[in-house]
Amino acid sequence: MSREQAPDLPPDALPRLHDLARLAAGHLHRPAFRTRVHHRDRVPGTGPVVLVANHSSLLEPQLIFGMLPRRSVFLVKSELFRGPLGRALRGIGQIPVRRGTPDRAPLMSAVRVLRGGGLVGVFPEGTRGAGDVSAAEQGAAWLVRTTGARVLPVASRGTHRPAGSPRRLRPVVDLLVGEPFDLEVGKGRTGLTRATETIRGRLADLVRELDERRQPSSQQNKATR
């Protein structure tokens, strides 16, 4: 792989490897899941974008990475950057972040990508959980304030198998792309807090919309009576 530079990726990434990995990710999980992508056309084709998504399993980053019609860089927990997997993640341009530790280096790497017109993916919940976005960290809002990037919410459902439930045969996984929006982030901590709540609320609303879409038609009929 050549070492050509791409402004929408970190400087140590291999653009051709990134493009190959994105193509592979779009097909990798097809044997195990029936994936439905709603409103992929809402993804801005160019310009700086901060993608925010809910998080309930390790699959969401892979599925979103594979469904996007453009290059994307995600903030990924640093524990995965070990051995061959770590080298591969760096090669495709993903950024390691240490959870629970103040570290501006990952955010500054993301800023450089955004200023190069790239797309950076953030899971504002900070860790895997129910995926209902009941809380959010401030990194996404800080990136928006620093770069002026647009915000793109993406909701996912169907990747998490509750503890004790039987193994599922090719479960349906849905990805719903929301409308991108501009966000003015005020100064200081107060500005970050308010903007973070706006991001959290928009993403949580999108998750609820997706939950309603996934209800069986019989349940939807009952809900409207």
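Model, not experiment: these values are computed from the prediction. (Residues numbered from 1 in each chain as written. Predicted model: local features only at pLDDT ≥ 70, side-chain atom pairs only at ≥ 80, totals over all residues. Heavy atoms only, no water.)

Undergrad: Can you walk me through helix α6 (residues 188-214) in this structure?
TA: Every α-helical turn comprises 3.6 residues, leaving residues that sit three or four positions apart pointing alike. Over its 27 residues, α6 extends 39 Å from the first C-alpha to the last, a length consistent with the 39 Å expected when each residue adds 1.5 Å. Buried within α6 are the following residues: Gly191, Leu192, Ala195, Thr196, Ile199, Arg200, Gly201, Leu203, Ala204, Leu206, Val207 and Leu210. (Helix = DSSP H or I, 4+ residues; strand = E, 2+ residues; numbered from the N terminus. Expected span 1.5 Å × (residues − 1). Buried < 20%, exposed > 50% of the residue type's maximum accessible area, 1.4 Å probe, protein only.)

Undergrad: Even after reading the chapter, I still don't get unusual backbone geometry, so can you show me in this structure?
TA: Among all residues save glycine, negative phi is the norm, and among peptide bonds the norm is trans. Unusually for a residue other than glycine, His39 sits at a positive phi of about 65°. With respect to the secondary-structure elements, His39 resides in the loop between β1 (34-38) and β2 (49-53). Residue classification places His39 among the partly exposed residues on the basis of a relative accessible area of 30%.

Undergrad: Looking at this structure, how should I read the sheet that holds strand β6 (residues 150-157)?
TA: Paired through their backbone hydrogen bonds, the strands of a sheet run either parallel or antiparallel. Overall, mixed pairing links the seven strands, which are arranged β1-β7-β6-β2-β5-β3-β4 in an open sheet. Bordering the open sheet on either side are β1 and β4 (95-97), each of which pairs with just one other strand. Looking at each pair of strands side by side, their axes are set apart by 25° on average, direction ignored. In this structure, strand β3 (residues 73-77) lies alongside β4, joined through three bridges in parallel fashion. In the sheet register, Leu75 faces β4, and the bridge partner there is Ile95. Along the sheet face, helix α4 (residues 105-115) touches β2, β3, β4 and β5 (119-122) and points at about 150° away from the line of β4. (Pairing = 2+ DSSP bridges. Axes fitted to C-alpha atoms, helices over the stretch in contact; angles between N-to-C directions. Contact = heavy atoms within 4.5 Å.)

Undergrad: Just checking my understanding: could you explain the nonpolar core for this structure?
TA: Buried together is how nonpolar side chains tend to be arranged in soluble globular proteins. Residues Val50, Val52, Val120, Val122, Leu143 and Leu183 are the most contacted members of the largest nonpolar core, which totals 36 residues. Broken down by secondary-structure element, the contributors of at least two residues to this core are β2, β3, α4, β5, α5 (139-147), β6 and α6. Element by element, the count of residues in this core is highest for α6, at eight residues. In contact with Leu183, other than residues within four places in its own chain, are Val144, Val151, Ala195, Thr198 and Ile199. (Core = buried A, V, L, I, M, F, W, Y, C linked by side-chain atoms within 4.5 Å.)

Undergrad: I tried to follow the packing of α5 against α6 on my own but got confused; where do I start?
TA: For the pair α5 and α6, interaxial distance at closest approach is 8 Å and the crossing angle is 115°. As summarised for this structure, α5 and α6 are arranged roughly perpendicular, according to the angle between their axes. You can see that α5 and α6 cross each other, and the crossing is right-handed. Along the contact surface, α5 presents Ala140, Ala141, Trp142 and Arg145, while α6 presents Gly188, Leu192, Ala195, Thr196 and Ile199. Each residue belonging to the contact of α5 with α6 can be placed in one class, and the counts come to six nonpolar, two polar and one charged. (Parallel < 35°, antiparallel > 145°, perpendicular 65-115°, else oblique. Left-handed = near helix turned anticlockwise from the far one by under 90°. Nonpolar A, V, L, I, M, F, W, Y, C, P; charged D, E, K, R; others polar.)

Undergrad: Please explain the side chain of Thr147 as it appears in this structure.
TA: Examined against the element boundaries, Thr147 turns out to sit in helix α5. You can call Thr147 buried: its relative accessible area is 19%. Residues in contact with Thr147, not counting those within four places in the same chain, are Val111, Leu114 and Arg115.

Undergrad: How do you make sense of α5 when you look at a structure like this?
TA: Taken together, the buried positions of α5 are occupied by Ala140, Ala141, Trp142, Leu143, Val144 and Thr147. Those residues of α5 hidden inside the fold are in contact with β2, α4, β5, β6 and α6. Just past α5, the residue Gly148 takes up positive phi, approximately 75°.

Undergrad: Before we go on, may I ask you to explain the pairing of β6 in this structure?
TA: Successive side chains on a regular strand alternate, one facing one side of the sheet and the next facing the other. Burial analysis of β6 places seven of its eight residues in the buried class, the great majority of the element. Two elements, β2 and β6, share five bridges in a ladder whose sense is parallel. Residue pairing in the sheet places Val49 in a bridge with Arg150 of β6. Of the pairings in the sheet, the one linking β6 to strand β7 (residues 172-177) comprises four bridges and is antiparallel in character. Each residue of the ladder has a partner; that of Arg157, found in β7, is Asp174.

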